[in-house]
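Per-entry structural report
Residues per chain, in single letters:
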Amino acid sequence: MGRQKIKETSLFHKNIKKRGIYKVSEGVEVTDFNNSLKKLNPDLVELNNIMNCSPLPQFVIDRDHRVVLWNKAMEDYSQIKSTDIVGTDHHWKVFYDSKRPCMVDLVINEDLEGLEYWFPHRCKPSQQVKGAYEAEQYYPHRGPQGTHLHFTVSTIRNHDGEIIGGFESFEDITKRKVAEKELQESEEKFRSLIENLNVGVYRNTSDPGGTFIQVNPAFAQIFGYDSPDEIMQINVMDLYVNKEDRVLFLEDLQREGSITDRKLLLKKKDYSNIWVSVSARAHYHEEGFIDWVDGMVEDTTHRIEAEEALQKSEKRYRSIVENINDGFCIHDFKGVIQDCNENFALMLGFGREELIGTNLDEFSSTRMLSFKNDVVDELKNKGVVEFDGDVRGKNGIRHYYSINSSIISQEGEGKVQSFLRDVTKRKEMEKKLLKSENKAHKRLSEIEAIYNSAPMGLCVLDCDLRYLRINKSMAEMNGFSPQEHIGKSIHEMVPDLSQQGEAIAKEIFQTGKAVSMEMNGTTAAQDGAVRTWIEGWYPIKDSSHQIVGINMAALEITDIKRANEALKKSEEKLRLTIEGAGVIMWFWNIENDRVECRGHYKHILGPGPIPDMGYNELLSFVHPDDLEKVETAFQKTLQYGEDFKVETRTIWKDKSVHWFSIMGRVVYDLQGKPQEMIGIALDITNNKIVQLELQETLRILKRSNAELEQFAYVASHDLQEPLRMITSFLQLLKLRYENQLDSDANEFIHFAIDGATRMQEMINDLLTYSRIDRKRGDFKEVKIEDILQQITFEYKLLIQEKNAVIHFGELPVITADYTQMVQLFQNLISNSIKYNDQPCPTIHITAEKQDNDWIFKVADNGIGIDPQQGDRIFKIFQRLHSPDEYEGTGIGLAIVKRIVERHGWRIWYDSQPGKGSNFYFNIPGRLNHEI
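Please read these numbers as outputs of a predicted model, since none were measured by experiment. (Residues numbered from 1 in each chain as written. Predicted model: local features only at pLDDT ≥ 70, side-chain atom pairs only at ≥ 80, totals over all residues. Heavy atoms only, no water.)

1. Here we look at the pairing of strand β9 (residues 258-267)
Operational definition: Strands qualify as paired when DSSP identifies two bridges or more between them. Starting at the N terminus, helices and strands are each numbered in turn, a helix being any DSSP run of H or I of at least four residues and a strand any DSSP run of E of at least two.
For β9 and strand β10 (residues 273-284), the ladder comprises eight bridges, and the chain directions are antiparallel. From the neighbouring strand, L265 faces β10, where its bridge partner is W275.

2. Re a nonpolar patch on the surface
The cut-off we apply is this: Two joining distances apply to patches: 9 Å for like charges and 5 Å for nonpolar side chains (Val, Leu, Ile, Met, Phe, Trp, Tyr), and every residue must have over 30% relative accessible area and no salt bridge. Note on areas: Shrake-Rupley with a 1.4 Å probe; residue coverage comes only from the protein chains shown. Salt-bridge detection follows one rule: a side-chain nitrogen of Lys or Arg within 4 Å of a carboxyl oxygen of Asp or Glu. The cut-offs for exposure are 20% and 50% of the maximum accessible area for each residue type, with area from a 1.4 Å probe on protein chains only; residues under the lower value are buried, those over the upper are exposed, and the others partly exposed.
Together, M725, F729, L732 and L735 make up an exposed nonpolar region whose accessible area comes to about 440 Å². Examined against the element boundaries, L732 turns out to sit in helix α28 (residues 720-737). A relative accessible area of 34% means that L732 is categorised as partly exposed.

3. Here we look at the pattern of salt bridges
Applying the stated rule across the entire model yields 36 salt bridges. Notably, a salt bridge pairs E136 with R176, separated by 2.7 Å at the nearest N-O pair. Here the residue E136 occupies a position in strand β4 (residues 133-139), and R176 occupies one in helix α9 (residues 174-186), the gap between them amounting to 40 residues. Residue classification places R176 among the partly exposed residues on the basis of a relative accessible area of 38%. Between R466 and D464 there is a salt bridge, with its nearest N and O atoms 3.2 Å apart. One network of salt bridges, with partners in common, ties together D252, R255, E256 and R262.

4. With respect to the side chain of S418
Keep this limit in mind: Counted as a polar contact is a pair of N or O atoms within 3.5 Å, where, for protein atoms, one must be capable of donating a hydrogen and the other of accepting one, and residues adjacent in sequence contribute only when both atoms are in side chains.
Assignment of secondary structure puts S418 in strand β16 (residues 415-422). Polar side-chain contacts of S418 include one of 2.8 Å to the side chain of H331. A polar contact is formed between the side chain of S418 and the side chain of S405, at a distance of 2.6 Å.

5. Quick word on the packing of aromatic side chains
Convention followed: Side-chain rings of Phe, Tyr and Trp, where Trp is taken by its six-membered ring, are said to pair if the distance between their centres is within 6.5 Å; with planes under 30 degrees apart they count as stacked, over 60 as edge-to-face, and otherwise as tilted.
What the rule picks out here adds up to 29 aromatic pairs. For the pair F95 and F170, a centre-to-centre distance of 5.3 Å together with 80° between the ring planes defines the contact as edge-to-face. One end of the pair, F95, is in the loop between α6 (82-85) and α7 (103-108); the other, F170, is in strand β6 (residues 163-172), with 75 residues separating them in the sequence. Take F95: its relative accessible area is 1%, and that puts it in the buried class. Here F328 and F419 contribute two aromatic rings whose centre-to-centre distance is 4.9 Å and whose plane-to-plane angle is 45°, an arrangement assigned as tilted.

Below, the structure written as structure tokens:
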């Protein structure tokens, strides 16, 4: 598919074509291009100098994509000198890390597809410069948060229309983009366009007293009124400090038709004075008198005070300027001053003698120096030249002068006389005029943009209720594009709402007054969904007060209505919850120092009506010993924004003392100033009593546990010696008299020895059990695989005897008590071998990561456990089998559980008789190492 060609002709192209620039052939050096430029009119030769004066980075490339011009701003931005880049095609390095086409490269190649590929949906024809293209591009690698650039690119063509180069200029719009993003994120909702303006907007009659027709909330707020309705009850004249100002204002408005930025001293509701800036526009009746006045008001009290100080300073300066006559000097063609008058010296801030021998270039601006040679050439050719220039004096202040120069003599370096007249004021007025015109155009564009992008629906209907104009929001509400509405009636576009609309229109045509109401119905945008709007219908009247159409504004409140209903339900639930829970809700208005309570407050304040309370009255209920703690909590909350949370004792009206848990937080106004504190207070007296009783019980229990532990240790330790003696004498009795006693006596001796041995094992196990919690500070990194290797080695004979198999793979390293980990796994493994009737007892030891825990599992194929036994297997000396079936004391799993719990872990199991058992224990939290 062939490349599409760019057909537009740039403004720059037109200028060059008019001046006769011809195509630069391939291989022509940069100097050739500049030589071509020198053939132009001086205005175009000035391009290079103008580009260097531009604050925007700019550059020009030729048809071979080589840089021809590279201005000073481009050098500053890219940190690449023009001498290093002119003649190369390295301009891409300013924007990209690797070589790729810049926008100007694609434009001079007339490559529309390339523009769409490299700048998708971002490149478009310029609205300001015909034939140029604009694009915005984001560069994430430039700057800490990336950079947004706005490009303007145009081609350069010769008189035959052939492209000989391209011009690219760009501007850093990062701040604007960031501001746009912040603005977009901060906007939540609009109630109406006017109500959200931060300046006062009004409409009133033009009679001397003046009646307000409409004002916005900002207008009321400026003058200290609570609402627009309140301020509309007074006359306009009531706001004036000097009644004559009102009369003069109306006279000027009648004469000029509009007033801009009129400074007036008015008065607020509390009769305090306020400086405001008022702009107004008169709306005339066809007979010539003012029908009504629209305007804007801005509080400028602080600005006026600053301006008054500035004006005093400016008056002193103007008194000097107004008395200065024309400056006069004689100089040569190079600008060396030979003579001058005192006025000229005064203009530059030097003495006359100081200026003799200096050069005018020292005081000329960069712009003047850029066209100095052209002025000198014209002066030599014509003998006389007149131009405007800007000069900086000794004090660095720039002034604009109308300069008239003529040649006195051309001998040698020449002699020229120049007269300078200060035209600074004229230049400033020209700038202000241009700025005012641009501002007016911008304001019109902004108003149009606001209308089209307003978040509320706006449209204009004719008398037959056909759409004449509609914005995007209203069109989207109806489910069609704006173009589809034009010329069609509301019955065609929104049939479900048309009957309500026709009734409103009928009322407007009969009464001539605006109508506002809620409307419910469906549109094509959300077929079948009933929606709600607040709509305002306003008559449009011609000069004879005949209604010629209707302005309509609509704001959808479907979600708001639903939210209000949900809020009412939520508030009712909250009220019932508060009442049911016995909670007190409190509100402290910080600015007014007023405290309000809701809920179960009468227990504290008494059964009578709520007294007026402030901060100090609230603190009067706090127990004196807790007062400092409560005040400190309040101060931290107000100073640092922390949530308010305190437990304190309170003294009720009946002098009884009660504990309360009080919580709250600060609500801030739009300026970030604390406005209100809200919170709840819960009577925790009973909880405190229970807590104190529980603490006492825990203290007694800890002491009892310590005594029991000491007793178990002492008993286990002290019983060892007599038990060893009994066992030794029984074994000695059997050794000496076994052949002299009958079989019954030998059996009795055997039973006694066996019982004493089992007793000794039980005492040893009990001693081990009692020592578990006595160990402190023995936690270190433990490699479970090493422990299992050790146990396998120590139990080698038992494993071989039982033909057992122990499987384990890669296991994590944990932080634990090494000795107790050995005992834990010894007990679990020995139980798995002992309680197993299989020819080959098999044990599997694994660890699995679940969320943030390691779950260890010891699984066997033994006889299993009846689930009905529950946690009985973990209790001390609780055996599920008789000693004749399986040897042991019944304390092994109790020791395992105590070790697990000492580490803060948890143990459990699952099992079925005859199907083996699975024992689990978890190790929560982060481990030092993971597999």
